[in-house]
Structures are given as C-alpha cells and as structure tokens.
Number of protein chains: 2
Amino acid sequence: MNTTNDKIRYTAFKLFLERGYEATNIRDICSRVDIKAASMYFYYKSKQELFFSIYDDIWSEELECMRNIPELAEKTAPDTKLYHLFKNTIEYNIRDMIKFKFLLRYHLFPPEEIAVVIVEKYKYWTNQENELIQVIIKQCMDNKLLYDNRSLKEYLREYRKFVNLHVTDMILSNIRLSGSELDHLWNKFWNCTMLNG
Amino acid sequence: MNTTNDKIRYTAFKLFLERGYEATNIRDICSRVDIKAASMYFYYKSKQELFFSIYDDIWSEELECMRNIPELAEKTAPDTKLYHLFKNTIEYNIRDMIKFKFLLRYHLFPPEEIAVVIVEKYKYWTNQENELIQVIIKQCMDNKLLYDNRSLKEYLREYRKFVNLHVTDMILSNIRLSGSELDHLWNKFWNCTMLNG
DNA sequence: GTCTATAAGAGGATAGAC
DNA sequence: GTCTATCCTCTTATAGAC
C-alpha cells in the first residue's frame with residue numbers, strides 16, 4: 001500500500017467495484033492516487049490490463065487461502081474436511097466480502113468490451129476451485145459418507161450452490177452470519193440436501 | 001410493440017439489462033429503433049426518465065401478477081396460500097427471468113448517478129410486496145400453522161431469502177427448475193426452515 | 001517515473017426546420 | 001413526430017519534455 005502501483009490497484013479495485021468498469025475512468029483513479037492520467041500508462045498498457053491484473057489477483061488469493069486450510073491437510077474424516085472448507089470459504093468471504101462482490105458483479109454483468117476474456121478466465125479459475133472441492137467429495141463417496149445414487153458432479157453443484165447463495169445473501173441483505181449460524185446451516189444442508197437430496 | 005415509444009422502451013430495456021445504464025447510450029437505442037437520437041427526447045425528457053419509466057413498469061407488472069393469483073382469493077388454508085404465492089412468483093420469474101435480472105442488476109450495483117432514486121423506489125416497491133406476503137404469514141401464525149416463537153418479520157425475511165436465492169441461482173446457473181422440483185424445494189423449506197428454523 | 005499538451009472520438013442534450 | 005446541425009463535456013490513449 002506504499003508504492004504508486006499499489007495505490008493505483010487499490011483505488012481501481014474500489015472504483016471498478018462501486019461504479020463498474022465502464023463508469024470508472026482513468027482520470028478518477030489517478031486523481032485519487034495524486035498522479036496524472038498519463039502516468040498510469042507507465043504501469044499498465046491499458047484500462048483492460050489494469051482490470052484483469054486485479055481480477056486475477058482476487059481469484060488467486062482466494063484459491064491460495066483455500067489451499068492453506070490446515071484441517072484439509074490433517075487426517076480427518078472427509079465430511080469434516082468439507083465442513084471446514086465450507087466454513088473457511090464463508091469466513092474468508094465475510095472478511096473480504098467486497099472481493100466476492102467484485103467477482104459477482106463481473107460474472108453476472110460482464111461489460112461487453114471484456115466479456116469474452118472474463119468468461120474464459122472464470123472457467124479457468126472455477127476449474128481450479130472445483131478440483132479442490134471434488135477431491136474431498138470423492139473421498140466422502142469412497143468412504144460411503146455420501147451415497148453414490150448421485151454423481152460427483154451433482155454433489156459438486158449442490159455444494160457450490162449452497163456456498164454461493166449464502167455469500168450472495170449476505171451481500172444482498174448486508175447481514176453477516178455468525179459461527180454458530182454457519183454450523184446450523186451446514187447441518188441443515190448436509191442432512192436435508194446432501195444425504196436426503 | 002408497434003408504436004415508436006414501445007420500440008424505444010423494449011430496446012432500452014434490453015440494453016440497460018445487458019450493457020448497464022452507463023454503457024448504454026441514446027444513439028445506440030435510437031439506431032436500433034431506426035430513429036435519430038433527438039427524437040427520443042420527444043418521448044422522454046432524459047435518459048434517467050426513460051430508465052425509471054422502465055424500472056417502475058417491471059415492479060408494477062410483477063405486483064399486479066402477484067395480486068391476481070386466483071388461489072389467494074379462495075378460502076384455502078393460509079400455508080397453502082403461501083405455497084401458491086411462492087410457486088407463482090418463481091414461475092413468473094422463470095417466464096420473465098430477464099426482468100428479475102434487470103432489477104437484480106440495479107439493486108446490487110446501482111449507478112452512482114441514479115443510486116439515490118433507485119434505493120428510494122426499491123423501498124417503496126418491496127414494501128408493497130411485503131404487505132402482500134405478511135398478510136398470509138400472519139394468517140399462518142394466527143392459525144398456529146407457524147409457531148409464534150419467531151416474529152412475523154423473521155418469517156418474512158426467511159421467505160424472501162428463500163425466493164430470492166432460488167431465482168438468483170437460476171440466473172447464475174442458467175437452470176430452470178421444474179414444477180416438481182419447486183414442490184420438493186418448498187417442502188424442504190417449510191419443514192426445515194419455517195417449522196424447525 | 002511523472003509531467004503537459006493534445007489528438008481523436010463518443011456522450012447527453014438542445015435549437016429550430018419541416 | 002422526426003429530422004439536421006451543433007454545443008459542450010468527458011473519455012482513452014499517445015507524443016515528447018523533464
């Protein structure tokens with residue numbers, strides 16, 4: 001948060017989130033950073049390059065966080081692992097809700113000018129994330145903790161839907177769920193949806 | 001869909017939905033309608049006026065539809081009424097998913113220029129909708145179909161969250177739920193969330 | 001690295017003719 | 001009702017000095 005580049009990235013992130021890509025202009029970003037618009041072009045060759053540099057960083061940070069959940073490395077039951085993955089994901093998104101909101105904005109409503117690249121990058125990053133989740137779900141199925149009358153893909157979709165919707169709801173309602181509320185939701189989800197879909 | 005005004009409204013709706021308010025310009029709307037930009041100003045005094053005319057219409061139409069659900073006028077049990085309200089609301093949004101998506105876009109990410117008015121209008125319209133829902137929930141509580149250890153407001157929030165999230169999920173995943181899937185979801189919701197919160 | 005100056009274009013909106 | 005012509009402002013991006 002010290003270098004000019006850091007300031008540009010931080011300011012651009014906030015404006016891209018609040019105003020959107022089209023309504024954010026280089027002059028506004030730069031005036032807040034206290035440089036002239038032309039100076040931005042020393043760091044990034046275009047507005048698009050600046051945007052995607054920020055976009056990729058958000059995904060990469062979130063994945064890094066998911067890969068470093070200590071409980072996933074331990075020798076715990078796979079259903080417990082999935083619970084920890086869920087809880088850590090939600091808590092990460094509560095801490096950094098604006099990052100999720102940023103991604104939500106551009107996945108739901110990609111600006112025409114950058115839509116093709118966004119879709120491409122979205123596929124890449126969700127695939128990375130899915131691999132992580134699928135390993136655990138597969139372990140659950142192998143250990144008969146999840147029935148195999150449903151496919152891995154279906155379970156994956158249920159899990160992703162569950163996580164996404166609760167984060168989306170926190171954004172829409174501006175309510176942050178507590179640890180015990182999360183546990184309650186998880187139990188309801190596991191029993192009502194995963195076991196008795 | 002015959003008059004010039006209809007064409008302007010329909011085209012503007014599509015562009016406001018897909019490109020967003022800031023990225024949609026009068027010239028683009030008018031070139032598709034096959035008139036010159038200046039002609040738009042005969043119908044609307046500004047871009048904002050055009051936008052809010054469309055915005056209000058979407059809400060008003062949805063409320064009209066909810067108020068005309070035949071089962072709500074009949075002398076059926078209030079929990080059955082709530083089920084019909086849910087099913088009709090979802091089915092209406094499946095038919096006109098882009099209208100829900102339009103509202104979602106501007107409620108989640110209101111353009112700065114029109115944010116204040118959007119928030120004001122959003123409050124007005126959701127209040128209208130809430131009154132309709134609350135009447136039925138109150139009947140459920142009066143008839144002991146819902147326990148009164150939770151407040152009317154809490155039940156209302158659970159109901160709204162349930163409906164909103166499933167419509168949002170349909171938009172995000174591009175999957176439309178069938179009638180039997182809706183029934184299944186409703187039973188799970190009623191038993192797991194409303195009765196055993 | 002950061003600046004000034006400027007090119008080259010797109011945007012909302014209005015005046016006034018027909 | 002619809003047009004042409006135009007105003008004025010804002011935008012991304014580049015050239016070239018320091």
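Just so it is clear, the model here is predicted, and its values are computed rather than measured.

Asker: Go over the relation of the copies chain B and chain A with me, naming the residues and quoting the values.
Answerer: Note on the identical chains: chain B maps onto chain A by a rotation of 180° and an axial translation of 0.0 Å, with an RMSD of 0.0 Å. The superposition of one copy onto the other is thereby described by a two-fold rotation axis. Relative to the rotation axis, the C-alpha of L165 of chain B is the closest in chain B, positioned 3.1 Å from it. Comparing interface residues between copies, 100% of those in chain B also lie at the interface in chain A; the contact surface is shared.

Asker: Quick one: what's the story with the packing of helix α8 (residues 115–142) of chain B against helix α9 (residues 152–173) of chain B, residue by residue and with numbers?
Answerer: Residues and elements named next belong to chain B. Following both chains from N to C, one finds α8 and α9 inclined at 115°, their axes separated by 10 Å at the closest point. As for the relative orientation of α8 and α9, their crossing is right-handed in sense. For the pair α8 and α9, the contacting residues are T126, E129, N130, I133, Q134, I137, K138 and M141 in the first and L152, Y155, L156, Y159 and R160 in the second. Residue composition of the contact of α8 with α9, grouped by class: 7 nonpolar, 3 polar and 3 charged.

Asker: Can you break down helix α6 (residues 78–95) of chain B residue by residue, with the values?
Answerer: For α6 of chain B, with 18 residues, the first-to-last C-alpha span of 25 Å sits near the 26 Å given by 1.5 Å per residue. Extensive coverage of α6 of chain B is indicated by the burial of 13 of its 18 residues.

Asker: Account for the nonpolar core, with residues named and values stated.
Answerer: Within the largest apolar cluster, 126 residues are counted, with the highest numbers of intra-cluster contacts made by F102 of chain A together with F102 of chain B. Excluding its chain neighbours within four sequence positions, the residues that come into contact with F102 of chain A are F13, F16, L17, F51, I54, Y55 and I58 of chain A.

Asker: Kindly report on the protein's contact with DNA strand D, identifying the contributing residues and their values.
Answerer: For DNA strand D, the set of nearby residues contains 15 residues, the closest of which are N25 and R27 of chain A together with K36, S39 and Y43 of chain B. In the interface set of DNA strand D, defined as its atoms within 4 Å of the protein, sugar plus phosphate atoms amount to 62%. At 3.3 Å, a side-chain N or O of R27 of chain A approaches a base oxygen of DNA strand D. A distance of 2.4 Å is found between a phosphate oxygen of DNA strand D and a side-chain nitrogen or oxygen belonging to Y43 of chain B. Residue assignment for the surface near DNA strand D shows that the elements contributing at least two residues are α2 (26–33) and α3 (37–43) of chain A together with α3 (37–43) of chain B.

Asker: Just give me the short version of the domain arrangement of chain A, but keep the residues and values in it.
Answerer: All names here are of chain A. Split by domain assignment, chain A resolves into domain 1 (1–44) and domain 2 (46–195). Look at where the C-alpha atoms of domain 1 and domain 2 centre, and you get two points 29 Å apart. It is F13, L17 and Y21 in domain 1 that bury the most area against domain 2; as a group they hold 44% of the surface buried on that side. Linking domain 1 to domain 2 there are 1 salt bridge. A salt bridge links R9 to D57, with the shortest nitrogen-to-oxygen separation between them at 3.1 Å. Our count for the contact surface shared by domain 1 and domain 2 stands at 10 residue pairs in polar contact (both at pLDDT 80 or more). Counting only elements with at least two residues in the side of domain 1 that touches domain 2, the list comes to α1 (4–18), α2 and α3. If one sorts the elements of the side of domain 1 that touches domain 2 by residue count, α1 sits on top with 7 residues. A per-class count over the side of domain 1 that touches domain 2 returns 12 nonpolar, 2 polar and 4 charged.

Asker: Let's hear about the packing of helix α7 (residues 97–108) of chain A against helix α9 (residues 152–173) of chain A: which residues, and what values?
Answerer: All names here are of chain A. Close contact between α7 and α9 brings their axes to 10 Å; oriented N to C, the two are set at 105°. Between α7 and α9, the angle falls in the class roughly perpendicular. Between α7 and α9, the residues in contact are M97, F100, K101 and L104 and N164, V167, T168, M170 and I171, respectively.

Asker: Mind laying out the pattern of salt bridges, listing which residues take part and the relevant values?
Answerer: One pass over the full model with this rule turns up 28 salt bridges over all chains. The shortest N-O distance in the salt bridge between E154 of chain A and R150 of chain A comes to 3.8 Å. A salt bridge links K121 of chain B to D56 of chain B; the shortest N-O distance between them is 2.7 Å. Within this pair, whereas K121 of chain B is found in helix α8, its partner D56 of chain B is found in helix α4 (residues 47–67), the two being separated by 65 residues in sequence. Members of the salt-bridge network, linked through shared partners, are R19 and D28 of chain A together with E112 of chain B.

Asker: Any chance you could break down the side chain of K81 of chain A for me, citing the residues and the numbers?
Answerer: Residue and element names in this part refer to chain A. Turning to its location among the elements, K81 is positioned in helix α6 (residues 78–95). Although K81 is buried, it forms no salt bridge, and the closest oppositely charged side chain is E74 at an N-O distance of 8.9 Å. For K81, the contacting residues outside a window of four places in its chain are E71, L72, E74, T76, I136 and Q139.

Asker: Give a detailed account of the interface of chain B and chain A, specifying residues and quantitative values.
Answerer: Chain B puts 27 residues into the contact, and the matching count from chain A is 27 residues. Buried area between chain B and chain A, both sides added, is near 2,600 Å², and the carbon and sulfur share of it is 62%. Counting across the interface, chain B meets chain A through 6 salt bridges. The interface formed by chain B and chain A holds 8 residue pairs in polar contact (both at pLDDT 80 or more) in total. Looking at the side of chain B that touches chain A, the elements with two or more residues in it are α1 (4–18), α7 (97–108), α9 and α10 (179–195) of chain B. The biggest single contributor to the side of chain B that touches chain A is α9 of chain B, with 9 residues.

Reading guide: rules and limits
Residue numbers run consecutively from 1 along every chain, following the written order of its sequence. Key to labels: chains lettered from A, ligands numbered from 1, both in the order written. Local features in this predicted model are restricted to residues whose pLDDT is 70 or higher, and side-chain atom pairs enter the listing and the counts only when it is 80 or higher, whereas totals over whole chains, interfaces and linings include all residues. Calculation of side-chain values draws on the structure's entire complement of heavy atoms; hydrogens and water are dropped beforehand. Least squares is used to superpose the copies, and the fit set is the C-alpha atoms of residues whose pLDDT is at least 70 in both copies. By definition, residues are in contact when any of their heavy atoms lie within 4.5 Å. Working convention: axes come from line fits to C-alpha atoms, limited for helices to the stretch in contact. Angles between N-to-C directions cover 0 to 180 degrees. The way it works is that DSSP assigns letters per residue, a run of H or I at least four long becomes a helix, a run of E at least two long becomes a strand, and they are numbered from the N terminus. Helix crossings get a hand from a simple test, with the near helix turned counterclockwise from the far one by less than a right angle marking a left-handed crossing and a clockwise turn marking a right-handed one. Asp, Glu, Lys and Arg are counted as charged, while Ala, Val, Leu, Ile, Met, Phe, Trp, Tyr, Cys and Pro are counted as nonpolar; the rest, among them Gly, fall into the polar class. Helix span, as expected, comes to 1.5 Å for every residue beyond the first. Only protein chains enter the accessibility calculation, which uses a 1.4 Å probe. A residue is then buried if its area is under 20% of the maximum for its type, exposed if over 50%, and partly exposed in between. For the purposes of this section, nonpolar cores are sets of buried Ala, Val, Leu, Ile, Met, Phe, Trp, Tyr and Cys residues that join through side-chain atoms within 4.5 Å. We call a residue near a given molecule or strand whenever any one of its heavy atoms falls within 4 Å of it. By the criterion applied in these results, polar contacts are pairs of N or O atoms within 3.5 Å in which, for protein atoms, one can donate a hydrogen and the other can accept it, and in which residues neighboring in sequence qualify only through two side-chain atoms. Domain segmentation is taken from an automatic or database assignment of domains. Defined in terms of a 1.4 Å probe, buried area is the accessible area two parts forfeit on being brought together, summed over both. Basic side-chain nitrogens of Lys or Arg form a salt bridge, by our definition, when they fall within 4 Å of a carboxyl oxygen of Asp or Glu. Geometric relationships in this document are graded by angle, where less than 35 degrees denotes roughly parallel, more than 145 denotes roughly antiparallel, 65 to 115 denotes roughly perpendicular, and other angles denote oblique. For the purpose of counting charges, residues Lys and Arg are taken to be positive, whereas Asp and Glu are taken to be negative. His and the chain ends are not included.

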